[in-house]
Amino acid sequence: MVEPELRPTAGHRLGAQETLGISTLDPGHRPPTMPPGRLVSIRVLMLDDTEEVFDISQRAPGKLLFDLVCTHLNLIEGDYFGLEFQDHRRMTVWLDLLKPIMRQIRRPKHTLLRFVVKFFPPDHTQLLEELTRYLFALQIKHDLACGRLTCNDSSAALLVSHIIQSEIGDYDEAQTRQHLLNNKYVPDQEALMDKIAEFHRKHIGQTPAESDYQLLEIARRLEMYGIRLHPAKDREGTKLSLAVAHTGILVFQGHTKINAFNWSKVRKLSFKRKRFLIKLRPDLNQSACQDVLEFLMSSRDCCKVFWKICVEYHAFFRLFEEPKPKPKPVLFSRGSSFRFSGRTQKQVIDYVKDSEFKKIPFERKHSKVQSISNLPPLLSLRSEVNVNRQPVLNLFFSLLHRSFPLPGVVSNSPRLSDSSATSQGIVNGQRAAPAPSQSPDGRPPSPLTSPLLNDAGSMRTDDEDEVRRKRFPTDKAYFIAKELLMTERTFVKDLELITVSFQNLVGKEETTTESLRTFISSNFEPIHKFHTGFLKDVEQRLHSGSYSGSLLHTGTIGSQIKVLQLSDVLMELEQACQASRKLEALCRDLELQKVCYLPLNVFLLRPLHRLVHYKQLLERLCKHYPPTHVDFRDSRAALADISELVDQLHGTMIKMENFQKLLELKKDLVGVDGLAVPGREFIRLGCLSKLSGKGLQQRMFFLVISVPLMSYTHPQSPQCGFYSMIRESEDEWGVPYCFTLSGQRQSVVVAASSVLEMERWMEDIKMAIDLAEKCNGPSGNLLTIKSSEESAPDQESEDDLSASRTSLERQAPHRGNTTVHVCWHRNTSVSMVDFSMAVENQLSGNLLRKFKNSNGWQKLWVVFTNFSLFFYKTHQDEYPLASLPLLGYSITIPSESENIHKDYVFKLHFKSHIYYFRSESEYTFERWMEVIRSATNSASRTRIVNRKDPHPY
């Protein structure tokens, strides 16, 4: 007789092992023993649309069934979920965990329970497990399909694009459209297919876990996120709906929220027959206010169902621990005995953080893409190799990948077999505690998480920090590899602005020259494609924790950048903008969009800048390795090769940076023509005070070496003067930090804000005069452009510096954090040397930020470039939330009196503005301090002298 084939259970499908089980309601223990009695089969519909059957005793409470479901799924954060069903009154109710199941379900054979999300947290980052976020994503998918989660077309299309990215992977036009035809995600999907495909195209390289994260990030911002409407009427009979959320009670009219009652304002919730009552706390600011609100529902049962879920929501999100049961009355009972049963959100978060059951691999039923946590080391992957391409960066990337072994990983054994993992991971039906250097799933901790930055919203003791720190890598080579990953993410995002946003802009404009279109498509698109694949490879290797073995042979950008004539593309773009005012306006509009956080021309130079960063990474790696290290000689050879490549491109980079800066000044200045022409070199821009009959008046000065003669007389236009002599004149005029510029026709007396600023200006002006004389002879002239700025109020915010609308920005709406704008407000200056140093000092990564008067730390993705910090919620965000220009700021370490008792914290302050930032390790702390100092402190005299020789003045 043939034994019947066993159907795989949901536990097998989601990666659970038969001998492993934990209870989400009884931490650290197996599910409670089944009470005696006849077994009854209960059907449960899971979020992935599969139906499971559980045999339980008739006497079992609801808690036992719920524990069995969570154990079956290997779900740790099960307290966010619940079991709902339709009772004999055809009302959808939640399974009570304390009452016996058979008292709630009268006809179990004809009842189907649904395992769904019950409590929707305000921030999806509070969900610590990937499996939990996956189940939440499935719930969002269900709510979107049935019309419960309503939103505008753009949000709906974006949500669906992340869903199909997690299900079928990267965009393929035919596959994406066929998948949308076969599956319906939103009610009016046909009209949104083009928009969904457009969004899906932008998610290349995004893993299913990242798609879940982005899906929840978008969904949580929608007004109907997690909302379950309960019909009601007010006293006037107006049809309304009531809902409950983590914040309190909400009132809706249709799908529009018209009122909200925060938990802090609610004194008591009750119901009496069909009336649902909300008693509010008295408002001391209002003399006459209604303290009891009354809503009429269809029946007493409806009131009770809504009242129960309100009680549970309040307890789950507001209490620190599960409320204790009320003592039973001796004679009479008054009111309902219902209470919340289970852990509160705080207890769940604390338990999961301290639990060793983390990052358990699972499969996604609807996804054709494996989760990153299940991917083996990428030692068997192959790619096409072009043997004619330069192998410099191949060697460099290979060294990075195989030279950064994580602690606890044996290089010759990149992966344990399934049998060994099973035998070592399960002890007496329980998962054994992992080694200190491993994560609970037996693999090393992911480099994409940090022991210090991963739990930004929680409080931990120093001992807990020390334990977590020991479980994560501390080798400097590891952090160099992580810096490569973080900065590569920013680089790929910057390339997308050219290959997607700008390419679409150029393609739509008919007057755009064919050479410009061809140049961008033939040069930037291959670079973007290569780095997108390279970034994905690095992320997967860091996730898997394996750096041993041969690296995937990839094409390098070395040969591509050699033929990349960036001078041509900048000139092509400038000529095209001059020929087409429409294209110029389109480019200006693109620069005003949030995604274009820097001047457009800067993004065109990013590939050259990236080579310098690779060189710096190799320099730090070679400095870290001892001569006896196995990769020391190869590292030195790779550094020599890439240094030669950078040296060959150095002259081009300097010229292009100068040309880009002149183009930027051309946009900032009105009335100055011919700035961006051959023979003109930018030296310094900044704020000085001009001495006149009215006293000292703040002005912007631009120091440029020029050959042609220019003069302006309009009072609101920038004034241009030619000067060949400079002398210090503080004693002559009695003005601190004062010096005089003298020319054949005029002289001007100006004052700097400090002695250091005066020395910088005088040094650069003297250097410029000498260079002008060498180029043009003794009669060579120095052009100083002085703008007639009006004074502006000293007000600023983190992402915008308010300024008067003067000749610097009368042309069009202007971004508030341009260098000219910041120098005006901070009363400082910046030289071309500083800009060149800023190219070298760029950094990306996660930081915790704290304001002066705030208590908590906020985790942010931070990009440092162009003398500014740009803040994102995550590295996947399209544009920054805010920016902080650092010119004029000081960077220090907090003092004892500031009570910042954390490691790796630095302080940024300017006047009354104070910010604290916390990094994850000593290496990252030193790197952030290093790059930020380059912006807060301008180049010293020594650095300027060292940079003079290669500068093509």
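A short tour of the structure in this document, coming up.

Rules behind the numbers
- Residues numbered from 1 in each chain as written.
- Predicted model: local features only at pLDDT ≥ 70, side-chain atom pairs only at ≥ 80, totals over all residues.
- Heavy atoms only, no water.
- Helix = DSSP H or I, 4+ residues; strand = E, 2+ residues; numbered from the N terminus.
- Buried < 20%, exposed > 50% of the residue type's maximum accessible area, 1.4 Å probe, protein only.
- Contact = heavy atoms within 4.5 Å.
- Areas by Shrake-Rupley, 256 points an atom, 1.4 Å probe, with all protein chains shown as cover.
- Disulfide = S-S within 2.5 Å.
- Pairing = 2+ DSSP bridges.
- Axes fitted to C-alpha atoms, helices over the stretch in contact; angles between N-to-C directions.
- Arc of directions from axis to C-beta.
- Phe/Tyr/Trp six-rings, centres within 6.5 Å; stacked < 30°, edge-to-face > 60°.
- Salt bridge = Lys/Arg side-chain N within 4 Å of Asp/Glu carboxyl O.
- Patch = residues over 30% accessible without salt bridge, like charges linked within 9 Å, V, L, I, M, F, W, Y side chains within 5 Å.
- Lys, Arg positive; Asp, Glu negative; His and termini not counted.
- Charge placed at Lys NZ, Arg CZ, Asp CG, Glu CD.
- Parallel < 35°, antiparallel > 145°, perpendicular 65-115°, else oblique.
- Left-handed = near helix turned anticlockwise from the far one by under 90°.
- Nonpolar A, V, L, I, M, F, W, Y, C, P; charged D, E, K, R; others polar.
- Core = buried A, V, L, I, M, F, W, Y, C linked by side-chain atoms within 4.5 Å.

Moving on, we come to the overall build of the chain. If you tally the helices and strands in the chain, you get 27 helices and 29 strands. In the chain, which comprises 953 residues, the share counted as buried stands at 54%. The contacts in the chain between residues at least 6 apart in sequence include a share of 66% that link residues at least 24 apart. As displayed, the chain has an accessible area near 44,500 Å², and 50% of this comes from carbon and sulfur atoms.

Right, let's get into the state of the cysteines. Under the definition given, this model contains zero disulfides. Its sulfur unpaired, Cys 577 is 4.0 Å from the next cysteine sulfur, which belongs to Cys 587.

Here seven strands make up an open sheet; going across it, the order is β26-β25-β24-β23-β29-β28-β27 and the pairing antiparallel. Edge strands, defined here as strands with exactly one partner in the open sheet, are β26 (882-885) and β27 (890-892). If you compare each strand with its neighbour and ignore which way they point, the axes differ by 35 degrees on average. Bridge analysis of strand β23 (residues 843-851) against strand β24 (residues 858-865) gives seven bridges, and the strand direction is antiparallel.

Moving on, we come to helix α7 (residues 193-201). Side chains of residues three or four places apart in an α-helix project in the same direction, reflecting 3.6 residues per turn. Among the residues making up α7, those that are buried are Met 193, Ile 196, Ala 197, Phe 199 and His 200. Down the axis, α7 shows its buried residues gathered within 165 degrees of arc, on one side only. Summarising the contacts, the buried residues of α7 are in contact with α5 (153-168) and α6 (173-182).

Let us now look at the sheet that holds strand β3 (residues 81-86). Strand pairing in a sheet takes place through backbone hydrogen bonds and is either antiparallel or parallel in direction. Read from one edge of the open sheet, five strands run β2-β1-β5-β3-β4, paired in mixed fashion. Since the sheet does not close on itself, it has two edges, and those belong to β2 (51-57) and β4 (92-94), each with one partner. The average angle at which neighbouring strand axes cross in this sheet is 35 degrees, direction not considered. In terms of strand pairing, strand β1 (residues 39-45) meets strand β5 (residues 112-117) through three bridges, oriented parallel. Residue pairing in the sheet places Arg 43 in a bridge with Leu 112 of β5.

Another point: the packing of aromatic side chains. Here the structure, examined in full by the defined rule, presents 28 aromatic pairs. Pairing Phe 119 with Tyr 313 gives two aromatic rings, centres 5.1 Å apart and planes at 65 degrees, and the pair type is edge-to-face. Here the residue Phe 119 occupies a position in the loop between β5 and α4 (130-145), and Tyr 313 occupies one in helix α9 (residues 300-318), the gap between them amounting to 194 residues. Ring geometry for Phe 530 versus Phe 534: centroids 6.1 Å apart, planes at 5 degrees, classification stacked.

Of note, Thr 176 is situated in helix α6. On the basis of relative accessibility, which here comes to 0%, the residue Thr 176 falls in the buried class. Here the alpha-carbon distance between Thr 176 and Ala 197, two residues 21 residues apart in the chain, equals 6.9 Å. Apart from residues no more than four positions distant in its own chain, Thr 176 is found in contact with Ile 164, Ile 168, Tyr 171 and His 200.

Across all of its chains, the model carries 31 salt bridges by this definition. Ionic pairing is found between Arg 343 and Asp 79, a salt bridge with its closest N-O pair at 2.8 Å. With a gap of 264 residues between them, Arg 343 in the loop between α9 and α10 (345-354) and Asp 79 in the loop between α2 (62-73) and β3 connect regions that are remote in the sequence. Across the pair, Asp 79 and Arg 343 agree in class, each one buried. One salt bridge connects Arg 220 with Glu 217, and the closest N-O pair in it is separated by 3.2 Å. When salt bridges that share partners are traced, they join Glu 483, Arg 620, Arg 927 and Glu 930 into one network.

This part covers the pairing of strand β15 (residues 681-692). Taken across its twelve residues, β15 has nine buried, putting it largely inside the fold. When β15 meets strand β16 (residues 695-705), the two strands line up antiparallel, connected through eleven bridges. Looking at the pairing, Cys 687 lines up with Met 700 of β16. Adjacent in sequence and paired antiparallel, β15 and β16 are bridged by two residues.

As a further point, take the environment of His 314. Locating His 314 in the fold gives a position in helix α9. Since its relative accessible area comes to 30%, His 314 is described here as partly exposed. When the C-alpha atoms of His 314 and Thr 247 are compared, they prove to be 8.5 Å apart, with 67 residues separating the residues in sequence. Once residues lying within four places of it in the same chain are set aside, the contact partners of His 314 are Trp 263 and Leu 319.

We now examine the side chain of Glu 488. Considering the arrangement of structural elements, one finds Glu 488 in helix α14 (residues 476-508). If near-sequence neighbours (up to four positions away) are discounted, Glu 488 is found in contact with His 531, Phe 534, Leu 535, Arg 610 and Tyr 614.

What follows is about a positive patch on the surface. On the surface, Arg 267, Lys 268, Arg 281 and Arg 318 cluster together into a positively charged patch. For Lys 268, the position within the fold is in strand β10 (residues 266-272). Classification of Lys 268 by relative accessible area gives partly exposed; the value is 43%.

Turning our eyes to something else, we now look at unusual backbone geometry. Positive phi, close to 60 degrees, is recorded for Tyr 904, a residue that is not glycine. Within the secondary structure, Tyr 904 is located in the loop between β27 and β28 (905-910). Classification of Tyr 904 by relative accessible area gives partly exposed; the value is 22%. Non-glycine residue Lys 911 carries a positive phi angle of around 55 degrees.

Together, Tyr 737, Val 755 and Leu 756 make up a nonpolar patch on the protein surface, roughly 240 Å² of accessible area in all. By relative accessible area, Tyr 737 is classed as partly exposed at 30%.

This next bit is on the pairing of β1. Only one face of β1 is covered, namely the face carrying Val 40, Ile 42 and Val 44; the face carrying Leu 39, Ser 41, Arg 43 and Leu 45 is uncovered. Of the pairings in the sheet, the one linking β1 to β2 comprises seven bridges and is antiparallel in character. Paired with Leu 39 across the bridge in β2 is Ser 57. Linking β1 to β2, which pair antiparallel, is a turn of five residues; within it Asp 49 sits at a positive phi near 70 degrees.

Glancing now at the packing of helix α21 (residues 632-668) against helix α25 (residues 832-840). Contact geometry for α21 and α25: axes closest at 11 Å, N-to-C directions at 115 degrees. Considering their axes alone, α21 and α25 lie roughly perpendicular with respect to each other. Once α21 is placed against α25, the crossing between them reads as right-handed. Two secondary-structure elements touch here, α21 through Ile 654, Glu 657, Asn 658 and Lys 661 and α25 through Met 832, Phe 835, Ser 836 and Val 839. Class assignment of the residues belonging to the contact of α21 with α25 gives a composition of four nonpolar, two polar and two charged.

Bringing the packing of α5 against helix α8 (residues 208-219) into the picture now. Where α5 meets α8, the closest approach of the two axes is 8 Å, and the angle between their N-to-C directions is 165 degrees. With respect to their mutual orientation, α5 and α8 come out roughly antiparallel. α8 is crossed by α5, and the crossing has left-handed handedness. Counting all contacts with α5, which are made through Leu 158, Leu 159, His 162, Ile 163, Gln 165 and Ser 166, the residues of α8 involved are Pro 208, Ser 211, Asp 212, Gln 214, Leu 215, Ile 218 and Ala 219. Residues belonging to the contact of α5 with α8 are distributed by class as follows: seven nonpolar, five polar and one charged.

So, on to the nonpolar core. Ranked by internal contacts, the top residues of the largest apolar core, which has 101 residues, are Leu 65, Phe 81, Phe 115, Phe 276 and Ile 278. Counting residues per element, this core draws most heavily on α9, at eleven residues. With near-sequence residues (within four places) excluded, Leu 65 lies in contact with Ile 42, Phe 54, Ile 56, Leu 83, Leu 95, Ile 101 and Leu 113. Leu 669, Val 820, Phe 864 and Phe 917 belong to the second-largest nonpolar core, a separate cluster that totals 42 residues.

Position of Phe 199 relative to the elements: it lies in helix α7. Take Phe 199: its relative accessible area is 18%, and that puts it in the buried class. Phe 199 sits 45 residues away from Ser 154 along the chain, and the two C-alpha atoms are 9.4 Å apart. Setting aside residues no more than four positions away along its own chain, Phe 199 makes contact with Ser 154, Ala 157, Leu 158 and Ser 161.

Honestly, it's all geometry; don't read function into it.
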